[in-house]
Amino acid sequence: MMTARRPLHDWRDGLPQVQGRLSFDAPMAPFTWFRVGGAAEVLFRPADMDDLITLLTSLPPEVPVTTIGVGSNLLVRDGGVPGVVIRLTGPFAEIDAQPTTITAGAGALDLTVAKTAQEAGIAGLEFLSGVPGTIGGALRMNAGAFGTEMKDVTVSAQALDREGGLHILGLADLGFTYRHSAVDDSWIFLAATLRGRPGAPGEIAARMEEIKASREEAQPTRARTGGSTFANPPGHSAWKLIDAAGCRGLVVGGAQVSEKHCNFLLNLGEATASDIEDLGEEVRRRVLESSGVELRWEIQRIGVRTES
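Note that the structure is predicted; figures quoted are calculated from it, not measured.

(A) Region of the structure containing the overall build of the chain. When its secondary structure is counted, the chain shows 7 helices and 20 strands. The C-alpha atoms of the chain give a radius of gyration of 20 Å, which matches the 19 Å a tight globule of 308 residues would have. Counting across all 308 residues of the chain, residues that qualify as buried make up 49%. Relative to all contacts within the chain whose residues are 6 or more apart in sequence, the contacts with residues 24 or more apart total 64%. Approximately 14,400 Å² of the chain is accessible, and the part contributed by carbon and sulfur atoms is 51%. Averaging the locations of the 29 positively and 38 negatively charged side chains of the chain gives two centres separated by 4 Å.

Rendered as C-alpha cells:
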C-alpha cells in the first residue's frame, strides 16, 4: 500500500533525537475506546520527563500539542490530529503509596490507583475505580463518580508548560469546578498527590465491588463507547433530558445512543467519528428543542472534522 508523500521542509524533519517512541502518521483509533478516528501527524511516547522536555522545547510555537491518556473519554475526528500527540506511559504511570496519600503519575490508570490505595489501607479513593481513564485526564476534567470528585482528594499536582517549565500546583491553583480545571490547556499534567484516610483493606475492597456492580448494571461497560457523553447541566441529569427528548436508541450511521444508559454513545461496529459526533449534536439539538437546556460535551473531541 502506498503512503502519502511528506511535503518538503516538513516541520517533522527538525525533530530531535529522543529516547522514547516517535511515530509519524500514527493511526489513533487503536488508542481510543470508540476505536475510530484518523492519524496523528506525530505520536510521541516519552521515555521520561527530560525526554518530554527535549521534544517540547524543539517544537515551533505554531505546532499544536495534544496530550491523551487511554482514550476512554476521547473522540478523535476522522481528519486526524495536527501536530504532536503525547501519550504518557512507563515512568509516568508509577504509583507510590504513603500512610494516607498516594502519588501517581498522570499516565496511571484510575482503577490501578484505587487498587493500590486499597492494598495500602487508604480509604477515600474508591471512586476512582469507577472512573475510566488516567490520573492526568481526571485532573484535567475534575473527574468524579459516586459522590466524590478529584477536588475532594487532590493535595497537589505537577505540570509542564510548553517551554519545559515545571509547575507545582496546589488545590487552589488547579481551579477545580464541575468537570473542569482552570489550568492552562497547553500544560501537561505529570503527576498528582491524593489524600485519603486510614481504612481496612477488606472494607475498601467491598466498596469498590459495589461501585463495579453499580457501573455494570447501569452502564454499557462492554461496548465501544466513550464514557459519559454530556456533563449534567445545573439542576438536571443529562440522561433524563436525553430520554425525555426521545433519543434513547437513536441511530446515526454506525453510531447509537445506548438503550441501557442514554448518556452513552456507542460505536455499533462500523461507525466513523463523524457518525458519533453527528449523533451527539442531534441529541443536543433535540434536548434543546424539547427542554430549552443546552447540553455541554463531556467527551473531549480533538482533530480535524470531516463530512460524514
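(B) Representation of the nonpolar core within the structure. Counting residues in hydrophobic clusters, the biggest one holds 48 residues, and the most contacted among them are Leu 52, Leu 128, Ile 135, Phe 189 and Leu 194. The contacts of Ile 135, once residues within four sequence positions are left out, are Ala 104, Gly 105, Ala 106, Ala 108, Asp 110, Val 113, Leu 128, Ala 192 and Leu 194. Judged by nonpolar contacts, the second largest core, of 24 residues, contains Phe 34, Ile 242, Leu 250 and Trp 297.

(C) Representation of the environment of Gly 130 within the structure. Its place among the elements puts Gly 130 in the loop between strand S8 (122-123) and helix H3 (135-140). Residues Gly 130 and Glu 210, 80 residues apart in the sequence, show an inter-C-alpha distance of 9.9 Å. Setting aside residues up to four positions removed in sequence, Gly 130 forms contacts with Ala 145, Phe 146, Ile 211 and Arg 215.

(D) Up close: the sheet that holds strand S16 (residues 251-252). Strand order in this open sheet of 3 strands is S16-S17-S18, and the pairing throughout is antiparallel. Each edge of the open sheet carries a strand with a single partner, namely S16 and strand S18 (265-267). Here S16 pairs with strand S17 (residues 255-257) via 2 bridges, running antiparallel. When the bridges of S17 are listed, Val 251 appears paired with Gln 256.

(E) How the structure looks around the packing of aromatic side chains. Inspection of every chain in the model, using the stated rule, returns 1 aromatic pair. Considering the side-chain rings of Phe 230 and Trp 297, the 5.1 Å spacing of their centres and the 55° angle between planes classify their relative orientation as tilted. One end of the pair, Phe 230, is in strand S15 (residues 230-231); the other, Trp 297, is in strand S19 (residues 296-297), and 67 residues separate them in sequence. Looking at Phe 230, the relative accessible area reads 1%, which means it is buried. Above the face of the Phe 24 ring, Arg 12 is positioned so that its terminal group lies 5.1 Å from the ring centre.

(F) View of the sheet that holds strand S1 (residues 21-27). Taken in spatial order, the 4 strands line up as S1-S2-S5-S3 in an open sheet, and their pairing is mixed. Two strands close off the open sheet at either side, each with one partner strand: S1 and strand S3 (65-68). The mean inter-strand angle of the sheet, taken between neighbouring strand axes irrespective of direction, is 30°. As paired strands, S3 and strand S5 (residues 81-87) are joined by 4 bridges and run parallel to one another. In the strand pairing of S5, Ile 68 is matched with Arg 87.

(G) Representation of the environment of Ser 274 within the structure. For Ser 274, the position within the fold is in helix H7 (residues 273-291). Taking C-alpha positions, Ser 274 is 27 Å from His 236, a pair spaced 38 residues apart along the chain.

(H) The environment of Ser 72, seen in detail. Structurally, Ser 72 is set in the loop between S3 and strand S4 (74-76). Sequence-distant contacts of Ser 72, defined by excluding residues within four places in its chain, comprise Trp 33, Pro 132, Gly 133, Thr 225, Gly 226 and Gly 227. Separated by 3.1 Å, the side chain of Ser 72 and the backbone oxygen of Pro 132 make a polar contact.

(I) Here's a closer look at the pattern of salt bridges. Tallying each qualifying case throughout the model produces 20 salt bridges. One salt bridge connects Arg 179 with Glu 149, and the closest N-O pair in it is separated by 3.1 Å. With Arg 179 in the loop between helix H4 (171-174) and strand S13 (188-195) and Glu 149 in strand S10 (residues 148-149), this pair connects stretches of sequence that are 30 residues apart. Grouping residues by exposure puts Arg 179 and Glu 149 together as buried. Across the pair Arg 305 and Asp 278 runs a salt bridge, and its minimum N-O distance is 2.2 Å. A residue pair is termed long-range when its members are at least 10 positions apart, and Arg 305 in the segment after strand S20 (300-302) and Asp 278 in helix H7 qualify at 27 residues. Classification of Asp 278 by relative accessible area gives partly exposed; the value is 22%.

About the cut-offs
Throughout, a residue's number is its position along its own chain's written sequence, starting from 1. The predicted origin of the model limits local features to residues at a pLDDT of at least 70 and limits the giving and counting of side-chain atom pairs to 80 or more, whereas totals for whole chains, interfaces and linings rest on all residues. Working from all heavy atoms in the structure, the side-chain values ignore hydrogens and water. Going along the chain from the N terminus, every DSSP run of H or I of four or more residues is numbered as a helix, and every run of E of two or more is numbered as a strand. Using C-alpha atoms as the atom set, the radius of gyration is obtained and then compared with a globule rule of 2.2 Å times the number of residues to the power 0.38. Between buried and exposed lies partly exposed: a residue is buried under 20% and exposed over 50% of the maximum accessible area for its type, with that area taken using a 1.4 Å probe on protein chains only. The contact rule is simple, with two residues in contact once any of their heavy atoms fall within 4.5 Å. For accessible areas, the Shrake-Rupley method is used with a probe of radius 1.4 Å. Any residue's cover is judged against the shown protein chains and nothing else. All tallies of charge rest on Lys and Arg as positive and Asp and Glu as negative; His and the ends of each chain are not included. For charged residues, the charge sits on one atom: NZ in Lys, CZ in Arg, CG in Asp, CD in Glu. Here the nonpolar core consists of buried residues drawn from Ala, Val, Leu, Ile, Met, Phe, Trp, Tyr and Cys, with membership extended through side-chain atoms lying within 4.5 Å. When DSSP finds at least two bridges between two strands, those strands are taken to pair. Stacked, edge-to-face and tilted are the three classes for Phe, Tyr and Trp ring pairs, Trp counted by its six-membered ring, which pair at centre distances within 6.5 Å; planes under 30 degrees apart are stacked, over 60 edge-to-face, the rest tilted. Charge over a ring is defined by NZ of Lys or CZ of Arg lying within 6 Å of the ring centre and within 35 degrees of the ring normal. For helices, the fitted line uses only the C-alpha atoms of the stretch in contact; every axis is such a line through C-alpha atoms, and the angle between N-to-C directions lies from 0 to 180 degrees. Two N or O atoms form a polar contact when they lie within 3.5 Å of each other; inside protein one atom must be a possible hydrogen donor and the other a possible acceptor, and for residues adjacent in sequence the pair counts only when both atoms belong to side chains. For this analysis, a salt bridge means a side-chain nitrogen from Lys or Arg found within 4 Å of a carboxyl oxygen belonging to Asp or Glu.

Geometry only, nothing functional implied.
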